[in-house]
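Inside the fold
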Amino acid sequence: MVIMQVIVGGLLLGAIYALFSSGLTLIWGMMNFINFAHGEFVMLGMYVALLVVVGIGGGPAVFGIAAAGALFALGVVIYAFLIRHVLRGPMIAQILSTFGLALLLRYAAFWFFSANFVSLPGNALSGTIDLGGIFLPVAQVVAGSVAIVLTLLLQFLLTRTLIGSMLLAVAEDPDAATLMGIRPDRIQALAWGLSAGAAGIAGALLATAYPWSPSVGETFGLIAFVVVAFGGFGSVLGSLYAGLIIGLIQAASGFWLGVIYKDVVVYALFVALLWLRPQGLMGKA
Amino acid sequence: MKKLAAPPLGLTLLAVGLVLYPLLFSDAFYRDIGVTFLLAAIAASAWNIVGGYAGQISVGHSMFFGIGAYTPVLFYTLWGWPPLVGIPVGILLSLALAAVIGLPTLRLSGHYFSMATIAVAELIRILVGTWNFVGAAIGLQGPARGRAWWDLTFRSELPYYYIFLVVLGIVLAVTATFESRRFGYYVRAIKAGERAAKSLGVPVHWTKMQALLLSAAFTSIAGSLYVVKTGFVDPGSGFGILVSVQMVIVAALGGAGTLYGPLLGALILIPLQTATNNWLGGGGSGLTFIIYGGIIVLIARFEPGGLSELWHRLLRKRWKRVDATA
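Here the structure is a predicted model, which means the values were calculated and not measured.

Notes on the overall build of chain B
If you tally the helices and strands in chain B, you get 15 helices and two strands. Relative to a compact globule of 326 residues, whose C-alpha radius of gyration would be 20 Å, chain B shows 20 Å and is just as compact. Here chain B, with 326 residues, has 49% of them falling under the buried criterion.

This is how it looks when you write it as C-alpha cells:
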C-alpha cells in the first residue's frame, strides 16, 4: 500500500510537471527557442496564488485563474519587449535573454518574499482522501487531476481549433502565414501568453499541495527541460506522458534512494538521454 | 587587419598599468580587488573561447571551475600533496568531462549544449554537496600556512596578483594566437553559419570540441587559482550557478568573442560588485544578482556584441563624420 501511495503521489505531481512543461515545449516547437526562465514562471504563479489568498481571499478557482491571467499577461509583455527582438538576433542573444530573465525574476523573488519556505494559508483543499486504502491529501489529488485536464485542453486547443491551426502555421512558416492573413507577431505573443499561463496555473496548483521558496524555479525549470527532452521537443502529448513518467521516477527514487537523490536521478536521466536519444524519447529521429 | 595597427600602444599601456597597479595601490583592500578582477578576467576569457568565439553558450561552466578548485584541496586533504600536483589532475578531469558533454551535444543545435551544461553543472553541485568524501555541504580546506613556496599559500596579496596576471597573459596570448590561425577562422565560420561552414569543409564538430576542451582547461585553472587564493571551497563557491553566471556576464558585457571583451567586462563589473557589496553589506548580494540579471537581459536585447561592439560603432560613426567634413 505504501508503494501504491508512492506511485499515485508521483503520478499526481507528474501531471503538474506535464502541465508546465507543455508550455515550454509549445515555445520550443513553435520558434525553436528555449526559455530558461520557464521555471521562474511557475514560481511566480505560486506567489501570485499566495498574494491573492492573503490579499483578497478566495478559493482555488479564484487564485488559479488569477495566476494564469497574471502569467499570461507577463508572457505577452516579455514577448513584446524582449523575445520579439532577440529572435532576430544572434544565438547568444537568444540564450542570454531568458537566462538573464531567470536570474532577474529569481533574485527579485528572494528580495520581495525572502528565502523562507511558505505555503498557502487557510487552504480550502485540506484533509486527506481515501482512494481504496491509499491515503492522499485532497489538494494533491485535485491539483494533479486539474493539471491533466488542462494539459489535454491545451492539446485540444493546438490540434482541433482555428487558433491551434494558426499557431501551427506560424511555426511552420511565418512568411507564408502572413500571406494567409495571419499576423505572426500576434500569434507568437499568444503562444508566449499560453506558455507562461500554463506555467502560472501549474504554479497555483502546486501551491495548494506543496510548500515552496523562490529557489523552486530553478528546479522546475530543469525538470521542464527533462520532461520536454523525454517527450520530444514540441509535443504536448509527449510532455504529458513524459511528465507522468518523470513524476513517477522522482517519487520512486525519493522513496528508495532518499529525498536528496530524487532530482539527481532525474538530471542523470536527462544527461543519459542527451547521449543516447537527443531527439527525445518519443521524438522523431 | 586593424588588429595589427591599433592596439600596440593600448596594449603596452594596459600591460604596464596591470603590472604597476598593486605597487601604486599597496592597500590590501585595493590589491584584493585587483586579484578578484584578474580571476574574473581569466575565467571569463576561458569561457569566451567556447562561448564567445565558437558561439556555443555554456551556462554551466562552474563544473570545470569547481573541478579545478576541488581537486588540489582534495589531494591536500587526503595525502598532503601540494596544489601543483592537484592542478594538472584537475585539468585532466575537466577535459574528460568536457569530452563527455561535448561529444553528444555539440553535434546538435546550440540549445542542447546550453541545456546539457546547466543540467550537468546542477547535477554535480548536488552530488558534491551530499558526498562526504569531498566534504559534502561544508566543503574542503587547503593548507592554512604554506610549508614552502610550492604550497602557493602566501600572506601577502602580491604573489597571487602576479601569478594571476601571468596566467591571464597566457590565456590572452593563446586566444590571440588562435585568432589569426586556421582554428580561429574555423570557429568564426561556425559561429557565422554552421551549415555553410560544414559545406566548405570545416570540421565543425571537432573544432567546437577543441574550443570546449581549451576553454574547460583554462576554466579549471581559474578554479585552482581561486582555491589557492581563498584556501577553501564549498559546493556553492565551486559549482554554484552564480559562478557560471559571472563568467557569462563578464564576457558578454565586455564583448563575447573579442580578445579584450572579458577584460573590459571585469574592469567594469568587479569594482561595481565590490562597491555594491560594501554599501549594502552582506544582504547586498541578492541585489547584485538582480542587477546582473537585468544587465544580461539588456545586453541580449540591445547590444549582443557587448560594450566593445558599441565602442567600435561609436568610433566608426565619428570617423565617418571626420571623413565627411574633410
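Having seen the structure, we can now continue with the description.
A closer look at the overall build of chain A
Summing up its helical and strand segments, chain A has 11 helices and two strands in all. Taking 285 residues into account, the globule formula puts the C-alpha radius of gyration at 19 Å, and chain A, at 18 Å, falls close to it. Judged by the C-alpha coordinates and their principal axes, chain A covers about 60 × 45 × 35 Å. Going through the 285 residues of chain A one by one, you find that 53% of them count as buried. Pairs at least 24 apart in sequence give 78% of the contacts found in chain A among residues at least 6 apart.

Focus: the UniProt feature "transmembrane region" (unreviewed entry) in chain B
Those residues carrying the UniProt feature "transmembrane region" (unreviewed entry) are residues 35-55, 62-79, 85-106, 118-140, 160-178, 211-228, 248-272 and 279-302 of chain B in this numbering. With 90% helix and 0% strand, residues 35-55 of chain B has its two end C-alpha atoms placed 28 Å apart.

Things to note about the UniProt feature "transmembrane region" (unreviewed entry) in chain A
Residue and element names in this part refer to chain A. According to UniProt, the positions carrying the feature "transmembrane region" (unreviewed entry) are residues 6-29, 41-59, 65-83, 95-114, 134-158, 189-210, 222-248 and 255-276. Helix makes up 84% of residues 134-158 and strand 16%, whereas the separation of the span's terminal C-alpha atoms amounts to 35 Å. Annotation note: span residues 255-276, helix share 82%, strand share 0%, distance between end C-alpha atoms 27 Å.

Concerning the environment of L158 of chain B
All names here are of chain B. Residue placement: L158 occurs in helix α7 (residues 157-179). Between the alpha carbons of L158 and A28 there is a distance of 9.2 Å; along the sequence they are 130 residues apart. Leaving out residues up to four positions away in the same chain, L158 has contacts with P22 and R31.

Quick look at the packing of helix α6 (residues 162-172) of chain A against helix α8 (residues 184-209) of chain A
Residues and elements named next belong to chain A. The interhelical angle for the contact between α6 and α8, taken along N-to-C directions, is 110 degrees, at an axis separation of 10 Å. With respect to α8, the axis of α6 lies roughly perpendicular. Like other packed secondary-structure pairs, α6 and α8 cross with a definite hand, here left-handed. Of α8, the residues touching α6 (which contributes M166, L167 and V170) are P184, I187, Q188 and A191. The residue makeup of the contact of α6 with α8, split by class, is six nonpolar, one polar and no charged.

Here's the deal with the pairing of strand β1 (residues 128-131) of chain A
Along any regular strand, the residues point their side chains to alternate faces of the sheet. Residue and element names in this part refer to chain A. The pairing of β1 with strand β2 (residues 134-137) spans four bridges and is classified as antiparallel. Paired with T128 across the strands is P137, a residue of β2. Here β1 folds back onto β2 in antiparallel fashion, the turn holding two residues, of which G132 has a positive phi close to 60 degrees.

Describing helix α3 (residues 28-53) of chain B
All names here are of chain B. Here α3 is 26 residues long and its end C-alpha atoms lie 35 Å apart, about the 38 Å a rise of 1.5 Å per residue gives. Within α3, the axis deviates most sharply at W47, by approximately 40 degrees. Of all 26 residues in α3, 19 are buried, a share of seventy percent or more.

Let's talk about the interface of chain A and chain B
On the chain B side, the residues contacting the 33 residues of chain A number 36 residues. For the side of chain A that touches chain B, the secondary-structure elements that each account for two or more residues are α3 (60-86), α4 (91-113), α9 (216-231) and α11 (261-276) of chain A. For the side of chain A that touches chain B, a count of residues per class yields 28 nonpolar, four polar and one charged.

Rules behind the numbers
All residue numbers refer to position in the chain's written sequence, counted from 1. The naming scheme follows written order: chains are lettered A onward, ligands numbered 1 onward. Confidence filtering applies because this is a predicted model: local features only for residues at pLDDT of at least 70, side-chain atom pairs given and counted only at 80 or more, and all residues used for totals across whole chains, interfaces and linings. Counting from the N terminus, the helices are DSSP H or I runs at least four residues long and the strands are E runs at least two residues long. With the radius of gyration taken over C-alpha atoms, the globule rule is written as 2.2 Å times the number of residues to the power 0.38. Exposure criterion: with C-beta atoms placed from backbone coordinates, a residue whose C-beta has 20 or more other C-beta atoms within 10 Å is buried, one with 12 or fewer is exposed, and one in between is partly exposed. Placing C-beta atoms from the backbone, we regard two residues as in contact once those atoms come within 7 Å. UniProt positions are given in the numbering used here, feature names are shortened, and annotations may be inferred rather than shown by experiment. Axes here refer to lines fitted to C-alpha atoms; in helices the fit is confined to the stretch in contact. Angles between the N-to-C directions go from 0 to 180 degrees. Roughly parallel means an angle under 35 degrees; roughly antiparallel means over 145; roughly perpendicular covers 65 to 115; every other angle is labelled oblique. Crossings are classed by handedness, with left-handed meaning an anticlockwise turn of the near helix from the far one by less than a right angle and right-handed meaning a clockwise turn. Amino acids are sorted into nonpolar (Ala, Val, Leu, Ile, Met, Phe, Trp, Tyr, Cys and Pro), charged (Asp, Glu, Lys and Arg) and polar (every other residue, Gly among them). DSSP-based pairing: two strands are paired if at least 2 bridges between them are found. To estimate how far a helix should extend, the number of its residues minus one is multiplied by 1.5 Å. Throughout, bend refers to the angle between the axes fitted to the seven residues that end at a position and the seven residues that start at it.

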